[in-house]
Every structure is written in C-alpha cells, then in structure tokens.
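Chain residues, written in single-letter form:
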Amino acid sequence: MIILSIETSCDDTGITIMEAKGETRNPSFEILADNLASQTKIHIKYGGVFPVLAKKEHKKNLPILLEQTLRQAKLKDKKSPVDVIAVTYGPGLEMCLWEGITFAQDLAKKWNIPVIPVNHMEGHVFSVFGKNKPARNASRSDSGGGKFKIPKVHTPILSLLVSGGHTQLVLSKQWMKYEIIGETLDDAVGEAFDKVARMLDLPYPGGPEISRLVELERKSKLLRVRNFPTEKLLKSRAVALRTPYESSFSFSLPRPMLYSKNFDFSFAGLKTAVLYLIRKIGKLDEETKSKIALEFENSAIECLVYKTKKAIEKYKIKTLIVAGGVAINKHLRNEVKKSIGKNIKLFLPTKELSRDNSIMIGIAGYLNYIKNKKKIPKLDNIKATGNLSFSQARRA
Ligand code: KG4
Ligand code: ZN
C-alpha cells in the first residue's frame, strides 16, 4: 500500500510517500520520497514560533512539497497516486494543524481515498523505528533508499516523550495502547531549554544552542563529565540545594519534583531559579553562561532520567523508547544508556527523526489504518485538536 503523510503541527512542513506492508506487529516500510521545509530561519527574529506566520508558510509549502514528493516518487502522472493519506490532527498549533488537515481532505476527495488522522505524539513513539533521514528543507530532499522494518518489541513499553510542547512518560502494557503515567505540570522540557537559552542571550531555537555550549564546557579541562549521581548524592542535593547558590567552582540549581512519589515533572521552577541566578550575578560573561547552561542541562536531564528509571522499576519495563526534539540531546542519550539495566531494550530516533517529520506520521498512520480498518473516520469529521492527548486518541 502507498501512503502519503503530512505533518504541519508546528513550524515544520513535511510530506512523505512510503510503501508499507505487513500487519501491526511486523510492518515494513520503504520511503519513496520525503521532503521537509523547516521554518526555523523565519521565526528566529521572533525568538519562538509565530503561529500566524507558521500557518502562512504551511499553506505556501504544502503544494510545492506535494509536487516535489510525487515527482521524486515517480507517481506524479498517476490519476490516484496513493492509497491512503495520514495527517497529524493534534496536538499542536490548531491553525497550523488545520492547514495540513484541509490539504489532506481536498486531496482525498480528488483521489477518492481515506484519510487517517494521526496523533503527533504517537508519531514520535514510532519515530524510533524509522531509518531514513528526512531532508532539512525543500531544496535538500531525500528520494528513495530508506527501507526499514519495525521489530517485534517486548511489552511493557515505556516511552519518554520530550519535545518543545510535551514531557510525558507513557506506558504501553500492550502494543499501540497508551497510558500517560507522568507528565509535566507546567513547562515542557524543550520549552525550558528554549526559555533558559533566551535568558542567556542565545539564539533561537535554544535547545541545540544550550547543548552545544554545554558540550564545549564538558570537554573543557575545567569540568570533567559527571557520572549520573548516586541516589545518596541526589538525595542530599534535593534537600540542600532547593535554592540556587554560587560556589567558586560552578552553580547549583534545584532538581524539581525529583522525590515526588509520582512520575510527574516540573520545569517552570528550574527556569525561574535560572532567572534569579542570572539577576544575582548581574553581567554574564561567556564562561559564566556556559556554567549556568551546564548546570541547567544537568538538572533537567537528571529529573527526566531519574523518573524514567523509577517507572522502569515499578512497571517492570522491557522496552524503553525516548523520542521527541529533546531526544537529540547528547547528555540525555548518554545518561539514559548508562542508567537503564542491560535487560532493557532501548530505542532512540536518529538525529533527523528526533525533530518533527512526516516519516513518523506515515508509520503511525499505516499502523492505525491496519488496526482500525473498519473504523476509518468520515472525511469531514477530522478536526484539528490542539490539546489532543493519548486518552482522547484511544477513545476516537
Ligand atoms: O519535537 P520537536 O521538534 O517539536 C515539538 O513538537 O515541540 O521538539 C523541539 C524542541 C525545542 O524545544 C528544541 O529546543 C528542543 O526540542 N531541542 C533540544 C535539542 N535540540 C532540540 N533540547 C535539548 N537539547 C537539544 N540538543
Ligand atoms: Zn514534535
């Protein structure tokens, strides 16, 4: 079956055409063509995604990318070139989601084929199985060559989903069933990276800038890479370092909710602690910026990894998935690898598939099509759902 997938939930416009085969537990995919138009440069001067502009860009990009993708997949002259369309319907910026949905609906009417609405977060879960590198922008596209299979993974599965809009721990006792067991009570971890980067006068998007600075700092002779702290050290830190203070060596920031009994996170307090620290210091030189960035990243990643480890123990997890834009972060990847037991199979996305892309939407779309063949929604019933969550997706 040929599936065309569309992603427009935030500031990346993506269109992919894949050939997909197999059942939900042993599907295989071949990417025929894939194009991604990044809007990062457009939003830089606003220091974040400007929704109206993002919507306008999606509208402009979609027909261009479609034409290009069909041509690369050698399907351009076919009357009905694909069998099904998958489109992200949430969560995300509603006005952007609508651009993708209405585009998909128009194509589906023209080609007389069904549309499968896809939960963007389920897309991130499946992104770890994709192998192809999506293109960075419309001028650098990728056609063909990407074949991959989804292996049979053991349940229970835990997914740590970390992006600019979400921070969730999702439990799957069964394949394609999802239960959120923990999430952020305020800011998403990627959002905290972006906001702290702004406080440190680093360019947008902040996440990559902070980790770039921190990697340099880690490599420097002044600071050696710290191992994931022992439980005892973590405990003493959580008690002693509620408020940030300055030492001659480096800075210390709190680890919010580290010892809360649930699997929730909080990053707003950490961000505020950085703000107070910066106010106290006054003028920031480059070295101080790097030290603050390092301590911020250590704190955020410690919180993520510690709760993930606890959830693995409680639910006797066999497979761990870490996905979303923040899954690019080197320190997160290293700490997760270090802290989980040898018996747990870890899946991480490639660098290119960590960020938003339409390959992951195609995978999730195909699997949902196979699973719910008899329950394909009516075309006009597909609605953008900005705050879509896993439980809503299950009920749909
Ligand atoms: O999944 P994604 O591409 O878009 C959303 O759905 O939000 O994630 C984007 C987020 C941004 O907040 C960005 O700053 C963050 O991922 N990010 C990073 C890194 N690279 C991107 N955060 C930490 N370290 C990174 N290296
Ligand atoms: Zn995302």
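Preceding this paragraph is the structure being described.
Residues numbered from 1 in each chain as written. Chains lettered and ligands numbered in written order. Predicted model: local features only at pLDDT ≥ 70, side-chain atom pairs only at ≥ 80, totals over all residues. Heavy atoms only, no water.

(A) Up close: the environment of Ala268. Along the chain, Ala268 falls in helix 8 (residues 268-281). Spatially, the C-alpha atom of Ala268 lies 9.4 Å from that of Thr184, the residues being 84 residues apart in sequence. Leave out the neighbours within four places in its chain, and Ala268 touches Asp186 and Asp187. (Helix = DSSP H or I, 4+ residues; strand = E, 2+ residues; numbered from the N terminus. Contact = heavy atoms within 4.5 Å.)

(B) Region of the structure containing the packing of helix 8 against helix 9 (residues 286-315). For the pair helix 8 and helix 9, interaxial distance at closest approach is 11 Å and the crossing angle is 160°. Comparing their axes, helix 9 and helix 8 come out roughly antiparallel. The interaxial crossing formed by helix 8 with helix 9 has right-handed handedness. Each of Leu270, Val274, Leu277, Ile278 and Ile281 in helix 8 lies in contact with helix 9, whose residues at this interface are Thr288, Ile292, Phe296, Ser299 and Ala300. (Axes fitted to C-alpha atoms, helices over the stretch in contact; angles between N-to-C directions. Parallel < 35°, antiparallel > 145°, perpendicular 65-115°, else oblique. Left-handed = near helix turned anticlockwise from the far one by under 90°.)

(C) Molecular detail of the nonpolar core. Counting residues in hydrophobic clusters, the biggest one holds 50 residues, and the most contacted among them are Ile210, Phe267, Phe296, Leu304, Val322 and Leu332. Within the residue set of this core, elements represented by two or more residues are strand 7 (157-162), strand 8 (167-172), helix 5 (189-199), helix 6 (206-219), helix 8, helix 9, strand 12 (319-323) and helix 10 (330-339). Among the elements that make up this core, the one with the highest residue count is helix 9 (12 residues). The residues contacting Phe296, other than those within four sequence positions of it, are Ala192, Phe193, Val196, Ile210, Leu253, Leu270 and Val274. By size, the runner-up hydrophobic cluster in this structure holds 37 residues, among which are Ile3, Leu353, Leu367 and Ile370. (Core = buried A, V, L, I, M, F, W, Y, C linked by side-chain atoms within 4.5 Å. Buried < 20%, exposed > 50% of the residue type's maximum accessible area, 1.4 Å probe, protein only.)

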